[in-house]
Amino acid sequence: MPADAYKVPIGPLGYSRRSIVIVNDPEWVRSIMTDAIEIFPKNDLMKGALHPLVGDSLFVSDGETWKRQRRMVEPAFSFIRITKAFAAMQNAVGDHIGMLDQRADSGEPFSLDFSMSHLTADIICRTVFSSSIASGTALDVFESFAVFERNVSNVKLSHLIFGKAWSKVPQSKIVLDACIRIREQLGKLIDDCLASQDNSNDPDGSDNLARTVMDARDGDDGRPFTRDELIDQLGVFFLAGHETTASVLTWAFFIISERPEIAERIRAEIQTEVGNQHIAFEDIRKLAYTRNVFREALRLYPPLTFIPRVAAETTTLGGHKIKKGAMVMIAPWAIHRHQLYWDHPDAFDPDRFSPQREKDLVRGAYLPFGQGPRVCAGATFAMIESTLILAELVRRFDFHAEAAEKVVPVARLTTRPREEIMVRVTAYSKP
Ligand code: HEM
């Protein structure tokens, strides 16, 4: 990002046939994401890139289609549903701890990025489909997603620079093949869920997020989602729900590996609030410092580096003309590190979210989950799962990153290290 991106309220981003504008000012960002969502719908390039995977589903749809989908999907993220999903999160974390115990014994380095993606994908598989990632179908989805993630953002730079707004961006065969495989496997998981729904001998198999979405009915005509629409919507849960959380947790554990005093404070908090037991759902809200470590990691490394929109018509924003077809980039990455809105923007300081200091934060300058009607549907889910993961892993292990000085962030589908971060773990023993 050009240095100015961290200083200006609004400005051009690079030079291209199509105007690209970065908007940082929290008031103007609020207006784009809340008041003027018809003028600034979801960005056409992003829709095009995700269409082969998730069709015109919740994350990318607009207008009436989006409203219907959001109403039908929302109950899957109700507080009560997440409370029920918590046991599945604990089981996935328990299995992951088993794997890390083996890694601690062997002393072998492993990829932190991969390990976090595996864990968060397992949580999505268990909470959405009641199926652990160890099952063949879920593992296939995970592996094909990794191929999709690695290749989808390789959109040719020339297309970005010379392409017109709303022109079609060709995707590579490797991406399209991965999408076909993912959709086939998601279809199988959905069929299994539908079968267990019909099977009265399996009362537990039906208690998952997929079932809630299958049971949803359109408020106007009473129709459920078709099988294809279910693949679209549940594909979004997978897409939006595991790479995002994995990305920020990778950064959080990397930072903790460099700052042992943060791990010590997390451990002290767990000892005071929970003692030696497993962390229960009721404990999560007591782990304020652990949660603030996660929030601060989300500030400095927001998984969605950019939240892109397109101007559907020529308009003005704070006196600046925005041409029809302009790409309007809301960049949590730049807003969260902006010199006008943050004290010591580049410092990792979880206590800025403490009750004493939170009142000093600039309103609207923190938006890792977006805002307005399109705000992340899974934000509470992500906060709870991540607090649990941080607490349960940090209380048991020390993380040691290799070649930490070479770690560089890049914007892909999510904010990722350019090269995998290799770590070793050792069992933590109280001094
Ligand atoms: C730390 C983790 C996460 C981050 C940072 C994050 C971030 C975001 C952001 C910024 C948006 C808004 C995008 C826009 O306005 O264009 C969004 C939307 C969405 N997210 Fe998340 N997300 C996270 C986790 C999750 C999880 C765990 C799920 C589901 C299991 C999820 C499901 C969704 C869905 C369905 C939408 C679309 C909402 C709509 O357009 O109505 N997200 N997310």
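Computed from a predicted model, the values in this text were never measured in an experiment.

The rules we used
- Within each chain, residue numbers correspond to sequence positions counted from 1 in written order.
- This being a predicted model, a pLDDT of at least 70 is required before a residue's local features are given, and a value of 80 or more before pairs of side-chain atoms are given or counted; all residues contribute to the totals for chains, interfaces and linings.
- The side-chain figures draw on all heavy atoms in the structure; neither hydrogens nor water molecules are used.
- Starting at the N terminus, helices and strands are each numbered in turn, a helix being any DSSP run of H or I of at least four residues and a strand any DSSP run of E of at least two.
- With C-alpha atoms as the basis for the radius of gyration, the globule rule is written as 2.2 Å multiplied by the number of residues raised to the power 0.38.
- Exposure classes here rest on a 1.4 Å probe applied to the protein chains alone. A residue is buried below 20% of its type maximum, exposed above 50%, and partly exposed in between.
- The contact definition used throughout considers only heavy atoms, calling two residues in contact when any of these lie within 4.5 Å.
- Being near a molecule or strand, for a residue, comes down to having at least one heavy atom within 4 Å of it.
- Pairs of N or O atoms are called polar contacts if they sit within 3.5 Å, as long as, within protein, a hydrogen donor faces a hydrogen acceptor (for residues adjacent in sequence, only side-chain-to-side-chain pairs).
- The residue classification treats Ala, Val, Leu, Ile, Met, Phe, Trp, Tyr, Cys and Pro as nonpolar and Asp, Glu, Lys and Arg as charged. All others, Gly included, are polar.
- Whenever a carboxyl oxygen of Asp or Glu lies within 4 Å of a side-chain nitrogen of Lys or Arg, that contact is scored as a salt bridge.
- Counting rule for disulfides: a pair of cysteine sulfur atoms within 2.5 Å.
- Any two strands are treated as partners once DSSP identifies two or more bridges connecting them.
- One fewer than the residue count of a helix, multiplied by 1.5 Å, yields its expected span.
- Ring geometry is summarised as follows: Phe, Tyr and Trp rings, the Trp one being its six-membered ring, pair when their centres sit within 6.5 Å, and such pairs are stacked at plane angles under 30 degrees, edge-to-face over 60 and tilted between the two.
- To get an axis, a line is fitted to the C-alpha atoms, and for a helix only the part in contact is used. The angle between two axes follows their N-to-C directions and goes from 0 to 180 degrees.

(A) A look at the overall build of the protein. Along its length, the protein carries 16 helices and 11 strands. What you see for the protein is a C-alpha radius of gyration of 22 Å, in line with the 22 Å of a compact globule of 431 residues. Based on the C-alpha atoms only, the size of the protein along its principal axes is roughly 60 × 55 × 40 Å. For the protein, buried positions account for 53% of its 431 residues. Long-range contacts, defined as pairs at least 24 residues apart, comprise 75% of the intrachain contacts of the protein with a sequence gap of at least 6.

(B) Up close: the site of the ligand. In the neighbourhood of the ligand, 29 residues make up the surrounding shell, with K42, W66, R70, R309 and C376 lying closest. Taking K42, its side chain carries an N or O atom lying 2.5 Å from an oxygen atom of the ligand. Contributions of two or more residues to the shell around the ligand are made by α3 (63–73), α10 (227–258), β4 (307–310) and α16 (379–394). Looking at the shell around the ligand residue by residue, the classes come out as 20 nonpolar, five polar and four charged.

(C) Representation of the pattern of salt bridges. Inspection of the entire model under this criterion finds 29 salt bridges. The salt bridge partner of K67 is E64, with a shortest N-O separation of 3.3 Å. Highlighted residues: K67 and E64, both in helix α3, separated by three residues, approximately one helical turn. Classification of K67 by relative accessible area gives partly exposed; the value is 36%. We classify E64 as exposed; its relative accessible area is 58%. Here R183 and D232 are joined by a salt bridge, their closest N and O atoms 2.8 Å apart. Placement of the pair is R183 in helix α8 (residues 173–198) and D232 in helix α10, with a sequence separation of 49 residues. Across this residue pair, the class does not change: R183 and D232 are buried. Shared partners join several salt bridges into a network, and the residues in it are E27, R30 and D35.

(D) Representation of the state of the cysteines. Applying the stated criterion to the full structure yields zero disulfides. Residue C193 stays outside any disulfide, its sulfur separated by 11 Å from that of C125, the closest cysteine.

(E) A look at the side chain of D25. Residue position: D25 is located in the loop between β2 (20–23) and α1 (26–35). A distance of 2.9 Å separates the side chain of D25 from the backbone nitrogen of E27, its partner in a polar contact. Those residues in contact with D25 that lie beyond four places of it in its chain are P9 and Y341.

(F) Representation of the sheet that holds strand β11 (residues 422–427) within the structure. Spatially, the three strands line up as an open sheet ordered β3-β11-β8, and their pairing is antiparallel. Unpaired on one side and paired on the other, β3 (110–111) and β8 (397–401) mark the two borders of the sheet. For β8 and β11, the ladder comprises five bridges, and the chain directions are antiparallel. When the sheet's bridge partners are listed, D398 is paired in β11 with T426.

(G) Up close: the side chain of D218. In this fold, D218 is placed in the loop between α9 (209–215) and α10. Within the structure, D218 has its side chain in polar contact with the side chain of R68 (distance 2.5 Å). Not counting residues within four places of it along the chain, the set of residues in contact with D218 comprises R68, M72 and R223.

(H) View of helix α6 (residues 136–152). Helix length check: α6, at 17 residues, gives a terminal C-alpha distance of 24 Å against a target of 24 Å (1.5 Å per residue), a fit within 8%. Among the residues of α6, A138, V141, F142, S144, F145, V147, F148, E149, N151 and V152 are the ones counted as buried.

(I) Geometry of the packing of aromatic side chains. For the structure on display, the rule yields 12 aromatic pairs. Pairing F145 with F238 gives two aromatic rings, centres 5.0 Å apart and planes at 25°, and the pair type is stacked. On the criterion of sequence distance, the pair formed by F145 in helix α6 and F238 in helix α10 is long-range, its members being 93 residues apart. By relative accessible area, which is 3% here, F145 ends up buried.

(J) Geometry of the sheet that holds strand β1 (residues 10–12). As summarised here, the arrangement of the four strands in space is β1-β2-β7-β4, forming an open sheet in which the pairing is mixed. Because the sheet does not close on itself, it has two edges, and the strands there are β1 and β4. For this sheet, the mean inter-axis angle between neighbouring strands, taken without regard to orientation, is 25°. In this structure, β4 lies alongside strand β7 (residues 327–330), joined through four bridges in antiparallel fashion. The partner of V310 across the bridge, within β7, is M327. Strands in contact with α1 are β1, β2, β4 and β7; relative to β7, the strand with the most contacts, it is inclined by about 115°.

(K) Spatial organisation of α1. For α1, the set of buried residues is P26, V29, S31, I32 and M33. Its buried side turned inward, α1 meets β2, β4, β5 (315–317), β7 and α14 (332–335). With a side-chain oxygen positioned 2.9 Å from the backbone nitrogen of E27, the residue opening α1 is D25.

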